[in-house]
Amino acid sequence: MAPPTTAGRAGNNLHLSLGNSRTLLDRVLTLLAIGLSLFALFPLLSVLYMLLVRGGELLSPSLFTELTPGAGMEGGGIGNAVLGTLIVVLIASVLSLPLGLLAAIYLAEYAGESKLGTLVRFAGKVLTGMPSILAGVFAYALVVVTMGSFSALAGGVAMSVLMVPTVMLTAEQALRAVPEKMRMAALGMGATRMETTLRVVVPTALPGILTGVMLALARAAGETAPLLFTALFSDYWFEGRLGSPIASLAVLIYNFSGSPFPHLVKLAWAASLILVFLVLVLNVGAQLIIRRPQEF
Amino acid sequence: MTPSAATPPRLPVARPPTAWQTGANVVFRGLTHAFGGAVVVLLAGIVFEVLRHASPAVSKYGAGFVSGSVWDANRNEFGILPEIGGTLYTSFWALLLAGFLGVTLALVLSQGFLHRRYEVVMKNVVELLAAIPSVVYGLWGIFVLVPLLRPGAAWLNDHFPNFPLFATRLSGPGILPASLVLAIMILPTVTAVSREAMAAVPPRLAAAAYGLGATRWEVIFRVTLPTASGGIFGALVLGLGRAFGETMALAMLAGNAPNFSWSLFSPGNTLAALLANHFPEAGEFEVGALMYAALVLLLITLAVNVVGSLIMVRATAGLRGLR
């Protein structure tokens, strides 16, 4: 809603002038608000600047191919952490995507206003608002205590708990946005509910579903708290054993940030740069998918 | 229905489903219901697992756990009063700052201050703020924010040493840098939710005020903000819920000190940071105590989020009559 900014010529009362205290106050507040908004964006700029300057320092191919160095040693890379993050996110995706997507289909296609539907939606909202560290506590109790050791699997379980509600609620929105007439047309052709859902509704809603999945992946990749005491960390390459600890970029940043060795701190900045790059690519990708114009 | 030999076979454009299709349909229907239910089971499982592992500590320490202020794993003495205090205190400052900036940002983004194009850009930038992992903010806090704050903190401590907020020196991590980073992290939530509340205010209310000759800020203060106040309040409560649960930035910046101080420059601790710092190396008894602490955190955040959601539902219901 644009306020009247140009003054009418009819009379002095409609004339906007800074001599008028009301107009003056209005302009001052506008300037103040825009100034504060820009101030609020300062941390983002500062973070991005520092990442490029300090994280870019060590950027080289060997960063991705070498293992993390021990305390006080020079050289090395963060290859095991990059690979570890990808593996943990992969485990989490395998666990959470089927659950989230099928639950979303239930909510959008079957639940309606039923009691179970309301309950599922409520559970989803509660899970979204739950602190991420509690997902770690859950995976610790369920996997680490049972198996007797920190493990990649426990990390994946913790992360999947965080991905499920995001995937489910965004996919539900996307499925609901598919016009009812498309369902009616498919059903009218003799398709079953399942065929309608899988061959008409889901393909139509796919961009929205993918956006949710990518946002969930971005969130999972950056999560640290649930990995600290589930996946722990490892200075070695992943050897295909889901039952042993695994490295991740996020935990590397946390561990090395408190290190007294400047080289390890530099590696933490480099890891941050790569992690933020990964997360931003996923986020921007998600935005691009959803922006694509759709016509029904 | 097979076409008879006399008539040419018609294309099966529309036909009733076969028995196999109907069967698959029933299975699919059951499957989706089961997975929907599984999400509820997941939530129940989380609460159950935390309860199960916390119950020995709950029966051993009882309510004294919440009011105790010593955390000593060697003597099996556990209390989380300083951590509860630290959680509330850092969240208070973060909410104060993020509430003020977030509502301002929401106004700038919803009241036509900017060209539509810049509005979208700015909205995406605020969302970007939420996309950066908290551990990266923690790293930034340690190496950029703390050095930046230290001279100012030292000056305030030198000149007002008796003022409780400035009673100590900022030696490194502390309440102030932790609260500032926390504010950055909840800013996107507060902005997005309160922007939605402001956008839900019927335009004709503002139009009526403009028609009476009000300036833009008169409309904002007397029409938009009062009408959207329920939603804005809900946004603040939801932001508070996020602040209570935020872990990494606080684990890295609050200082992990087992005591509570009103001074902004002294180190402290929060519930989530306590879990993050102690879980990896905890022995059997300490794990029980940590599970108890996790239970307390779960209950607090659950309560705050439910209250926030209820406020949001009520706020949107309240606007319905104005449409």
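Basis of the calculations
- Residues numbered from 1 in each chain as written.
- Chains lettered and ligands numbered in written order.
- Predicted model: local features only at pLDDT ≥ 70, side-chain atom pairs only at ≥ 80, totals over all residues.
- Helix = DSSP H or I, 4+ residues; strand = E, 2+ residues; numbered from the N terminus.
- Rg over C-alpha atoms; globule rule 2.2 N^0.38 Å.
- Contact = placed C-beta atoms within 7 Å.
- Buried ≥ 20, exposed ≤ 12 C-beta atoms within 10 Å, placed from the backbone.
- pLDDT = per-residue confidence, 0-100.
- Nonpolar A, V, L, I, M, F, W, Y, C, P; charged D, E, K, R; others polar.
- Core = buried A, V, L, I, M, F, W, Y, C linked by C-beta atoms within 7 Å.
- Axes fitted to C-alpha atoms, helices over the stretch in contact; angles between N-to-C directions.
- Parallel < 35°, antiparallel > 145°, perpendicular 65-115°, else oblique.
- Left-handed = near helix turned anticlockwise from the far one by under 90°.

### Section: the overall build of chain A
Scanning chain A for helices and strands turns up 12 helices and zero strands. Scaling as 2.2 N^0.38, a compact globule of 296 residues should have a C-alpha radius of gyration of about 19 Å, whereas chain A reaches 25 Å, well beyond that. Along the three orthogonal principal directions, the C-alpha set of chain A runs to about 80 × 65 × 35 Å. Long-range contacts, defined as pairs at least 24 residues apart, comprise 71% of the intrachain contacts of chain A with a sequence gap of at least 6.

### A word on the overall build of chain B
For chain B, the count of helices and strands is 11 helices and two strands. Written out in order from the N terminus, the α and β elements of chain B read α-α-β-β-α-α-α-α-α-α-α-α-α. In chain B, of all internal contacts separated by at least 6 residues, the share reaching a separation of at least 24 is 76%.

### Focus on helix 11 (residues 249-257) of chain A
Of all nine residues that make up helix 11 of chain A, eight are buried, and the element is covered over most of its length. Turning to helix 11 of chain A, its buried residues number three or more, namely Leu249, Ala250, Val251, Leu252, Ile253, Tyr254, Phe256 and Ser257 of chain A.

### Re the confidence of the model for chain A
Low-confidence regions, as indicated by low pLDDT, have predicted coordinates that should not be scrutinised in detail. Of the residues in chain A, 93% have a pLDDT of 70 or more, and the chain-wide mean is 87. Contacts from residues 5-11 of chain A, a stretch scored under 50 in pLDDT, to residues over four places away or in other chains number four contacts.

### Considering the interface of chain A and chain B
Residue-level contacts link 75 residues of chain A with 75 residues of chain B. The biggest single contributor to the side of chain A that touches chain B is helix 1 (residues 21-40) of chain A, with 11 residues. Grouping the amino acids of the side of chain A that touches chain B by side-chain chemistry returns 56 nonpolar, 14 polar and five charged.

### Section: unusual backbone geometry
Residues and elements named next belong to chain B. Positioned with a positive phi, Asn76 is a non-glycine residue whose angle comes to about 55 degrees. Inspection of the secondary structure puts Asn76 in the loop between strand 1 (71-72) and strand 2 (77-78). The partly exposed category is assigned to Asn76, around which 13 C-beta atoms lie within 10 Å. One non-glycine residue, Asn256, lies in positive phi territory at about 50 degrees.

### A closer look at the environment of Leu198 of chain A
All names here are of chain A. Structurally, Leu198 can be placed in helix 9 (residues 193-222). Accessibility expressed as a C-beta count within 10 Å gives 15 for Leu198, which makes it partly exposed. Separated by 93 residues in the primary sequence, Leu198 and Ile105 have C-alpha atoms spaced 9.4 Å apart.

### Structural notes on the nonpolar core
Where a protein is soluble and globular, its nonpolar side chains tend to be buried together. Within the largest apolar cluster, 194 residues are counted, with the highest numbers of intra-cluster contacts made by Phe138, Leu252, Ile253 and Ala271 of chain A together with Leu275 and Ala294 of chain B. When sequence neighbours within four positions are dropped, the list of residues in contact with Leu275 of chain B reads Ile133 and Val137 of chain A together with Leu290, Ala293 and Ala294 of chain B.

### Here we look at the packing of helix 5 (residues 134-159) of chain B against helix 6 (residues 175-199) of chain B
Residues and elements named next belong to chain B. Between helix 5 and helix 6, the shortest axis-to-axis distance is 9 Å and the interhelical angle comes to 130 degrees. The orientation of helix 5 relative to helix 6 falls into the category oblique. Judged by the twist between their axes, the crossing of helix 5 over helix 6 is right-handed. Facing helix 5, whose interface residues are Ser134, Tyr137, Gly138, Gly141, Leu145, Val146, Leu149 and Ala153, helix 6 presents Leu176, Pro177, Leu180, Val181, Ile184 and Met185. A per-class count over the contact of helix 5 with helix 6 returns 11 nonpolar, three polar and no charged.

### Some words on the environment of Lys60 of chain B
Residues and elements named next belong to chain B. Following the sequence through the fold, Lys60 ends up in helix 1 (residues 19-61). Overall, Lys60 belongs to the partly exposed group, with 15 C-beta atoms counted inside 10 Å. In the structure, Lys60 is positioned 247 residues away from Val307 in sequence and 31 Å away in space, judged by C-alpha atoms.

### Quick word on the packing of helix 6 (residues 132-147) of chain A against helix 1 of chain B
Running from N to C, helix 6 of chain A and helix 1 of chain B cross one another at 65 degrees; their axes reach a closest spacing of 9 Å. One finds that helix 6 of chain A runs roughly perpendicular with respect to helix 1 of chain B. Considering only the axes of helix 6 of chain A and helix 1 of chain B, their crossing is left-handed. Residues Leu134, Val137, Phe138, Ala141 and Leu142 of chain A of helix 6 of chain A form the contact with helix 1 of chain B, whose own contacting residues are Ile46, Glu49, Val50 and His53 of chain B.

### Some remarks on the confidence of the model for chain B
All names here are of chain B. Confidence in the prediction for chain B averages 87 pLDDT; 93% of positions are at 70 or higher. The secondary structure element of chain B with the lowest average pLDDT is strand 1, at 84, and the one with the highest is helix 3 (residues 81-110), at 93. Prediction confidence for the complex, expressed as pTM and ipTM, is 0.87 and 0.87 respectively.

### Thoughts on the environment of Trp262 of chain B
All names here are of chain B. If you trace the backbone, Trp262 turns up in the loop between helix 9 (248-253) and helix 10 (271-278). Linking Trp262 and Leu107, residues 155 residues apart in sequence, is a C-alpha distance of 33 Å. The contact partners of Trp262, leaving out residues within four places of it in the chain, are Pro164 and Leu165.

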